[in-house]
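Here is what each chain is made of, one letter per residue.
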Amino acid sequence: MIRDLVKDEAILSQVCEKATPEDADLAQDLIDTARSLDDCSCLAANQIGQTKAVAIYIDDDDVAHVLYNPKVLMGIRPTRVVEGCMTRDEYSKVTRYAKVKVTYDELVDGEFKQRRRDFTGWIAQMIQHMVDHCNGKLV
Ligand SMILES: [Zn+2]
C-alpha cells in the first residue's frame, strides 16, 4: 500500500527496532511507496512512520530488494558526496564508502536468513544512506 512520507525529525531520529518476519507487509508498503514517487530508489521504514529496521532499494534493472536489519560491517575508499533524501528538503554533504560489506536478513519461506554481501558504487551509497535511517541518523 502506498503510504505518505514522514518528515518529522522526532520520528526520523529514533533508532529503529529490530525487524521481524511479521514486517513483510511493511516492506511491501515501502516498495509500493517508492514506486509511486519520482526519483525514489530507496526508502526506509521510518520514512513512512514505522520505526523498524527495514529498508528497500530499487536497482538499475528496476528490481526491488528488501533489507531487514541491515548493518554496515566495514567500508573502503571513503569519499565526500552530496546526497539528497526524500524526507529532507536540503542536500547534505556526507562521507560514503565506495565499497561496503553489509549484513542483513532476507525473508525466505517466512523465516529470516542472515546474508553477508559486498556492495559497490551507487547501490553501496544507497545502502549506507538506508542504514543511517535505521540508526535514526538524520544526515
Ligand atoms: Zn533519506
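For the structure itself, consult the block above.
Remember, predicted model here, so these are calculated numbers, not experimental data.

**Thoughts on the layout of surface pockets**
Reported here for the largest pocket is a volume of approximately 310 Å³. Lining the largest pocket are 16 residues; nearest its centre among them are Asp39, Cys42, Gly84, Cys85 and Trp122. Listed by contribution, the elements that provide at least two residues to the lining of the largest pocket are strand E1 (42-44), strand E3 (64-85) and helix H3 (121-134).

**Describing the coordination of the zinc ion**
Each protein donor to the zinc ion is listed here as Cys85 (SG), His129 (NE2) and His133 (NE2); together their distances run 2.0 to 2.2 Å. For the zinc ion, the single-chain donor residues occur in sequence as C-x43-H-x3-H. Highlighted residues: Cys85 in strand E3 and His129 in helix H3, separated in sequence by 44 residues.

**Some details on the nonpolar core**
Formed by 15 residues in total, the largest nonpolar core has its most connected members in Tyr57, Val102, Phe119, Ile123 and Ile127. Sorting the residues of this core by element identifies E1, strand E2 (54-58), strand E4 (88-108) and H3 as the ones contributing at least two each. Take this core: its biggest share by element is six residues, from H3. Apart from residues no more than four positions distant in its own chain, Val102 is found in contact with Lys71, Arg115, Arg116, Arg117, Phe119 and Ile127. Residues Leu26, Cys40, Ile56 and Tyr68 belong to the second largest nonpolar core, which totals 14 residues.

What counts and what doesn't
Here the residue numbers are simple positions, counted from 1 along each chain's written sequence. Whole-chain, interface and lining totals are the exception, using all residues; otherwise, since this is a predicted model, local features are given only for residues with pLDDT of at least 70 and side-chain atom pairs are given and counted only at 80 or more. Derived side-chain values reflect all non-hydrogen atoms in the structure, with water molecules and hydrogen atoms excluded from consideration. Every definition here rests on a 1 Å grid over the protein atoms only: cavities are sets of points where a 1.4 Å probe fits but cannot get out, pockets are open sets enclosed by protein on both sides within 12 Å along at least five of seven lines, and lining residues have some atom within 4 Å of a point. Grid points are joined across faces, edges and corners, and a volume is the space filled by probe spheres set on the points. The secondary structure listing takes helices from DSSP runs of H or I that are at least 4 residues long and strands from runs of E that are at least 2 residues long, numbered from the N terminus. Because no water is among the atoms considered, metal sites can look incomplete, with donors defined as N, O and S atoms within 2.8 Å of the metal, or 3.2 Å for Na, K and Ca. Residues belong to one nonpolar core when they are buried, are Ala, Val, Leu, Ile, Met, Phe, Trp, Tyr or Cys, and are joined through side-chain atoms within 4.5 Å. Exposure classes here rest on a 1.4 Å probe applied to the protein chains alone. A residue is buried below 20% of its type maximum, exposed above 50%, and partly exposed in between. Here, two residues are considered to be in contact whenever any of their heavy atoms come within 4.5 Å of each other.

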